[in-house]
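The chain contents come next:
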Amino acid sequence: MGRTLSHARTAGLLVLGVALAGCGSGAAATAGGSTTPKTGGTLTFAVGSDTGCTDPQQVASNDSIYSVRQLVDSLTDQDPETGEIVPWLAESWDVSDDAKTFTFHLRDGVTFSDGSELTAEVVKENFEAAPELGALAGLATGYLSGVEKITADDPRTVTVAFAQPNAQFLQATSTHSLGIVSGASTKLSAQERCTKGIVGSGPFTLAEYAANSSATLKKRTGYAWGSSLWEKQGEAYLDQIVFKVLPEAGVRTGSLQSGQVDAIGNVGRADESALEAAGVTLPARANPGVVFNLAANNSDPILKDAAVRQAIGLAIDRQQVADTVFNTGTQPATSVLAHTTPGYEDLSAALTFDLDAAKALLDAEGWKAGADGVRTRGSEQLRFTISWFANSPTNQPSLELIQQQLRRAGIAVELKQNEISQFATLLASGDYDLIWGNVTRADPDILRSQFSTALSNPYRLSASELDGTLTEQAGTIDPAAREKLVATAQETIVREAYTVPVVELQTKLGVAKRVHALNFEASSRIQLHDTWVE
């Protein structure tokens, strides 16, 4: 393994990532009249929900990621326009020819906000502790699955060795889920990390946190080790960022129009015109990863029948959902992966709306319409509960529309709202029929995290050839060969309807005139180091 492999091997691993180029309709928000950045001031950002956890390694909801992402740095960063992996805390890296061994060379002079130093040993402690955090750290655990050995070769060099080739790991080191926390933070329990907070090396520190209410971040003085993608060197422009939790979309919109907040997440279609008329900019970017979908509990006595799952997919009019509920520009699902995900395969021909075909499929399986229109077979009734979470204003109207669409096929659906803090617990328990959600990641290995029975297997799939395909793509370093395997995995998931893809998530923000350079990162979340206010 030679140092000269760094750039060549990185480029090889990232050919799939080039598909990210041009995927956004607004890479940044710069709306005001001034063009000269100013230091100081407070940015107030309103979100719709809070997971009750301030540990980036355990947070998966965008509304919470927005704040905790500012607290930690990662070993690498990912260019949102090209997909290229670039230096951050690691100034360079080597990847072995078989993609089993990753060696990172850390930059000097990095400290955490408690004054402790970033060393190879701290990175080792992070990657050893993350899989022990439990259900909330599912993403981090998946990224590190198969680790054979982690060694601190010297104070500035750490090596991560996997038992099998692991083509996704370099991109994983750019995510918030593998953001680096201090050595002391790695020794806290999962609950302590959530409620007390972690210590990071990021450009902001957590000054105050009140669950389901607000999080206040203060600028880290002396910060000097930002991502190579950032325009400003050194400390952030902003003195303070306040994230307010405002669950009602109308309240968030009104607060932005009145100037009580400077930016909001989850802008809805109904509010777009009024915000634009008020001079608010609406930057948007499609999220890569698994689209919004109805994930079936494949161990359910009825839903384990592929014909039932396929009928659900045929009965949903995805275009109507996208055009009726979601913000302008949102696309219906054309695969289990969003079109902005590296390795995406267009399977739109297999995801058509065909109500007659749905009815015929259920008829053939012996499901007959009863007096109330709901289908029955013997003593069974075709009736399910969809579990959903109150972290987006589009969730409830989307599901109410889908509820109506499925009813026309004779499928009865009840909707059950849950708090976003219950998400991981509900998945782990398996106490659901269908669950509504999406997962963002700019690497197709997200399919392995979600659908491999060798990992957490949240949807209770039975072991199948899909496992082999997902494992093989993770170990394939040739981009073209990996792309074929990723395509095969998507085709299998869609054909078997292990989950029913519905609509892509497009992040659309509302940003006031006085805010500049509010940038999207590769995962379509936000990076606020370069952001400044008039």
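Residues numbered from 1 in each chain as written. Predicted model: local features only at pLDDT ≥ 70, side-chain atom pairs only at ≥ 80, totals over all residues. Heavy atoms only, no water.

Going by what an unreviewed UniProt entry lists, the protein is known as Peptide/nickel transport system substrate-binding protein and is assigned to Kineosporia succinea.

This next bit is on the UniProt feature "domain: Solute-binding protein family" (unreviewed entry) in the protein. The positions that UniProt labels "domain: Solute-binding protein family" (unreviewed entry) are, in the present scheme, residues 84–445. With 27% helix and 25% strand, the stretch residues 84–445 has end C-alpha atoms that lie 16 Å from each other. (UniProt positions renumbered as here; feature names shortened; annotations may be inferred. Helix = DSSP H or I, 4+ residues; strand = E, 2+ residues; numbered from the N terminus.)

This part takes up the side chain of Thr340. For Thr340, the position within the fold is in the loop between α11 (318–325) and α12 (355–364). Classification of Thr340 as buried rests on a relative accessible area of 0%. Within the structure, the side chain of Thr340 is placed 3.5 Å from the backbone oxygen of Asn287, a separation counted as a polar contact. (Buried < 20%, exposed > 50% of the residue type's maximum accessible area, 1.4 Å probe, protein only. Polar contact = N/O pair within 3.5 Å; in protein donor to acceptor, adjacent residues only side chain to side chain.)

Here the focus is the sheet that holds strand β17 (residues 380–381). Read across the open sheet, the three strands follow the order β15-β16-β17; overall the sheet is antiparallel. For this open sheet the edge positions go to β15 (368–369) and β17, each flanked by a neighbour on one side alone. Of the pairings in the sheet, the one linking strand β16 (residues 375–377) to β17 comprises two bridges and is antiparallel in character. Paired with Arg377 across the two strands is Glu380, which belongs to β17. (Pairing = 2+ DSSP bridges.)

Below, the discussion takes up the sheet that holds strand β21 (residues 499–503). Note on sheets: strands pair through backbone hydrogen bonds, and any given pair is parallel or antiparallel. Taken in spatial order, the five strands line up as β19-β18-β20-β14-β21 in an open sheet, and their pairing is mixed. Because the sheet does not close on itself, it has two edges, and the strands there are β19 (412–418) and β21. Within the sheet, the average angular offset between the axes of one strand and its neighbour, ignoring direction, is 30°. Pairing of strand β14 (residues 289–296) with strand β20 (residues 434–440), which is carried by six bridges, proceeds in the antiparallel orientation. From the neighbouring strand, Ala295 faces β20, where its bridge partner is Ile435. Sheet contacts for helix α10 (residues 306–315): β14, β18 (383–389), β20 and β21; angle to β21, the most-contacted strand, approximately 10°. (Axes fitted to C-alpha atoms, helices over the stretch in contact; angles between N-to-C directions. Contact = heavy atoms within 4.5 Å.)

The next point concerns the packing of aromatic side chains. Counting across every chain of the model gives 14 aromatic pairs. With a centroid separation of 6.3 Å and an interplanar angle of 70°, the aromatic rings of Phe104 and Phe169 are classed as edge-to-face. Residue Phe104 is found in strand β6 (residues 101–106), and its partner Phe169 is found in helix α5 (residues 169–172); the two are separated by 65 residues along the sequence. Given a relative accessible area of 0%, Phe104 falls into the buried group. The class of Phe169 is buried, set by a relative accessible area of 0%. A centroid spacing of 5.9 Å and a plane angle of 50° characterise the contact between Phe292 and Phe326, whose relative ring orientation is tilted. Of this pair, Phe292 sits in strand β14 while Phe326 sits in the loop between α11 and α12, placing them 34 residues apart in sequence. (Phe/Tyr/Trp six-rings, centres within 6.5 Å; stacked < 30°, edge-to-face > 60°.)

Most of strand β24 (residues 515–520) sits inside the fold, with five of its six residues counted as buried. In the sheet, β24 pairs with strand β26 (residues 532–533) via two bridges, with the strands oriented antiparallel. Note that in β26 the partner of His516 across the bridge is Trp532. Alignment of β24 against strand β25 (residues 526–527), held across two bridges, turns out to be antiparallel. Its bridge partner being in β25, Asn519 is matched across the sheet by Gln527. Between β24 and β25, which pair antiparallel and follow one another directly, the connecting turn spans five residues, one of which, Ser524, has a positive phi of 70°.

It is worth spelling out the pairing of strand β11 (residues 240–245) at this point. The buried count for β11 comes to five of six residues, which makes it a mostly enclosed element. Alignment of strand β2 (residues 42–47) against β11, held across six bridges, turns out to be parallel. Residue Ala46 lies in a different strand from β11, and its bridge partner there is Lys244.

Summing up the model confidence of the protein, the mean pLDDT is 91 and the portion of residues at 70 or higher is 94%. Segment residues 1–28: pLDDT under 50, and 70 contacts once partners within four positions in sequence are set aside and those in other chains are kept. (pLDDT = per-residue confidence, 0-100.)

Here we take up the side chain of Thr119. By secondary structure assignment, the location of Thr119 is in the loop between β6 and α3 (120–129). Assessed through its relative accessible area of 19%, Thr119 is described here as buried. Those residues in contact with Thr119 that lie beyond four places of it in its chain are Leu106, Pro155 and Arg156.

Further remarks concern the environment of Ser177. Mapping Ser177 onto the fold places it in the loop between α5 and α6 (183–186). The exposure class assigned to Ser177 is buried, which follows from its relative accessible area of 1%. Considered as a pair, Ser177 and Ala140 are 37 residues apart in the sequence and their alpha carbons are 5.3 Å apart. Setting aside chain neighbours within four positions, we find Ser177 in contact with Pro56, Gln57, Leu139, Ala140 and Tyr143. Only 3.4 Å separates the side chain of Ser177 from the side chain of His176, close enough to count as a polar contact.

Formed by 56 residues in total, the largest nonpolar core has its most connected members in Leu75, Phe104, Phe127, Phe169, Ile180, Leu447 and Phe451. Excluding its chain neighbours within four sequence positions, the residues that come into contact with Leu447 are Val290, Val336, Leu337, Ser452, Leu470, Val486, Ala489, Gln490 and Ile493. Ala46, Cys53, Ile65 and Phe243 belong to the second largest nonpolar core, which has 40 residues in total. (Core = buried A, V, L, I, M, F, W, Y, C linked by side-chain atoms within 4.5 Å.)

In this section: the environment of Lys218. Turning to its location among the elements, Lys218 is positioned in strand β10 (residues 214–219). What makes Lys218 partly exposed here is its relative accessible area of 36%. For the pair Lys218 and His176, spaced 42 residues apart in the sequence, the C-alpha separation amounts to 19 Å. Setting aside residues no more than four positions away along its own chain, Lys218 makes contact with Pro203, Phe204, Thr205, Ala207, Asp239 and Gln240. Looking at Lys218, its side chain comes within polar contact range of the side chain of Gln240, at 2.3 Å.

Now for helix α17 (residues 479–496). With 18 residues, α17 extends 26 Å between its outermost C-alpha atoms, agreeing within 8% with the 26 Å of an ideal straight helix rising 1.5 Å per residue. Among all positions in α17, only Pro479, Arg482, Leu485, Val486, Ala487, Ala489, Gln490, Thr492, Ile493 and Val494 are buried. Of the residues trailing α17, Ala497 is marked for its positive phi of about 55°. (Expected span 1.5 Å × (residues − 1).)

Close approach of charged atoms allows side chains of opposite charge to pair. Tallying each qualifying case throughout the model produces 17 salt bridges. Ionic pairing is found between Arg69 and Glu521, a salt bridge with its closest N-O pair at 3.6 Å. In this pair, Arg69 is assigned in the loop between α2 (62–68) and β3 (76–78) and Glu521 in the loop between β24 and β25, connecting sequence segments 452 residues apart. Close ionic contact of Lys219 with Asp239 constitutes a salt bridge, the shortest N to O distance being 3.3 Å. On the criterion of sequence distance, the pair formed by Lys219 in strand β10 and Asp239 in the loop between β10 and β11 is long-range, its members being 20 residues apart. The exposure class of Lys219 is buried, given its relative accessible area of 16%. Shared partners join several salt bridges into a network, and the residues in it are Asp108, Glu117 and Arg156. (Salt bridge = Lys/Arg side-chain N within 4 Å of Asp/Glu carboxyl O.)

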